[in-house]
Amino acid sequence: MIARRPSDDGSTRFVRAVMDAYNDYKVDLKIIDVYVYDTPGKSVRATAMIIIKRETPKTLIMYYLANRSIIALIDVSNLIPTDHEGLTTYITVDLYKPPEEVRLRIINKGRNTFAFTHEMNEDKAYLIKTSNQYDDSLAIASIIKEIMDSYDELTRGGGSH
């Protein structure tokens, strides 16, 4: 029997689940490519960039966090106004040195959750989904489908603005 590495904090399973989702569901989810890797951060333990085929390709980012949850986000700055007030929270992004604290304004609108921030001298809006399910390809595929369905609804003008 092969035992799990003692240092595995779940990031290895997340990486494997993302790759399996790509292999198992790439046609159904219109996935063009996937980049996924472990990170040495204390907060962010793994990152996935998933390129999805749309009229123009879209990048879905997933972070596997130290609290064993994932956050998936896609930029919707061109689809909704970026000047919203909301619950303010701070997250530490430690993918690179030095770690950076990012201020997010979180708003729930209907079945969608948005995060608003200011980065690289511009206001940004992200559609976000969070989950504690990351162990298998079906869980990852479900998150991808859910966020992309919401994204597609926004592009058709039917989402929460």
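For the structure itself, consult the block above.
Residues numbered from 1 in each chain as written. Predicted model: local features only at pLDDT ≥ 70, side-chain atom pairs only at ≥ 80, totals over all residues. Heavy atoms only, no water.

(A) Representation of the overall build of the protein chain in the model. The secondary structure content of the protein chain amounts to 2 helices and 8 strands. Its helices and strands in sequence order give the protein chain the pattern α-β-β-β-β-β-β-β-β-α, from N to C terminus. Referenced to the eigenvectors of the C-alpha coordinate spread, the extents of the protein chain come out at roughly 55 × 40 × 25 Å. For the protein chain, buried positions account for 46% of its 161 residues. The long-range share in the protein chain, meaning contacts at least 24 apart out of those at least 6 apart in sequence, stands at 46%. In the form shown here, the protein chain has an accessible surface area of approximately 9,400 Å², with 51% of it arising from carbon and sulfur atoms. (Helix = DSSP H or I, 4+ residues; strand = E, 2+ residues; numbered from the N terminus. Buried < 20%, exposed > 50% of the residue type's maximum accessible area, 1.4 Å probe, protein only. Contact = heavy atoms within 4.5 Å. Areas by Shrake-Rupley, 256 points an atom, 1.4 Å probe, with all protein chains shown as cover.)

(B) Examining the nonpolar core more closely. Core analysis: the biggest nonpolar cluster contains 36 residues, and Phe14, Ile50, Met62, Val76, Ile140 and Ile144 have the highest contact counts within it. Of all the secondary-structure elements, those providing two or more residues to this core are helix 1 (11–29), strand 1 (31–38), strand 2 (44–52), strand 3 (58–65), strand 4 (70–75), strand 7 (112–119), strand 8 (122–131) and helix 2 (137–155). For phenylalanine 14, the contacting residues outside a window of four places in its chain are Val36, Ala46, Thr47, Ala48, Met62, Tyr64, Ile70, Tyr134 and Ile140. Residues Ile61, Val93, Val102 and Tyr126 belong to the second largest nonpolar core, which totals 9 residues. (Core = buried A, V, L, I, M, F, W, Y, C linked by side-chain atoms within 4.5 Å.)

(C) Focus on the packing of aromatic side chains. Across all of its chains, the model carries 3 aromatic pairs by this definition. For the ring pair phenylalanine 14 and tyrosine 64, a centre distance of 5.7 Å and an interplane angle of 20 degrees mean the geometry is stacked. Of this pair, phenylalanine 14 sits in helix 1 while tyrosine 64 sits in strand 3, and the two are 50 residues apart along the sequence. With a relative accessible area of 0%, phenylalanine 14 lands in the buried category. Look at tyrosine 64 and you get buried, because its relative accessible area is 1%. (Phe/Tyr/Trp six-rings, centres within 6.5 Å; stacked < 30°, edge-to-face > 60°.)

(D) Structural context of the pattern of salt bridges. Considering all chains together, one arrives at 5 salt bridges under this definition. Residue glutamate 153 is joined to arginine 111 by a salt bridge in which the shortest nitrogen-to-oxygen separation is 3.0 Å. Separated by 42 residues along the polypeptide, glutamate 153 in helix 2 and arginine 111 in the loop between strand 6 (100–109) and strand 7 bring together distant segments of the chain. Taking relative accessible area as the criterion, glutamate 153 reaches 24% and is therefore assigned partly exposed. (Salt bridge = Lys/Arg side-chain N within 4 Å of Asp/Glu carboxyl O.)

(E) Geometry of helix 2. Taking 1.5 Å of rise per residue, the 19 residues of helix 2 would be expected to cover 27 Å, and the 26 Å separating its terminal C-alpha atoms lies within 8% of that figure. Every buried residue of helix 2 is listed here: Ser137, Ala139, Ile140, Ala141, Ile143, Ile144, Ile147, Met148, Ser150, Tyr151, Asp152 and Leu154. A positive backbone phi angle near 85 degrees is found at glycine 157, which sits one or two residues after helix 2. (Expected span 1.5 Å × (residues − 1).)

(F) Focus on the pairing of strand 7. With 6 of 8 residues buried, strand 7 is to be regarded as a mostly interior element. Summarising the sheet, strand 6 and strand 7 pair through 5 bridges and their orientation is antiparallel. Each bridged residue has a counterpart across the sheet, and for isoleucine 106 the counterpart in strand 7 is alanine 115. Sheet topology places strand 7 next to strand 8; 7 bridges connect them, and they run antiparallel. (Pairing = 2+ DSSP bridges.)

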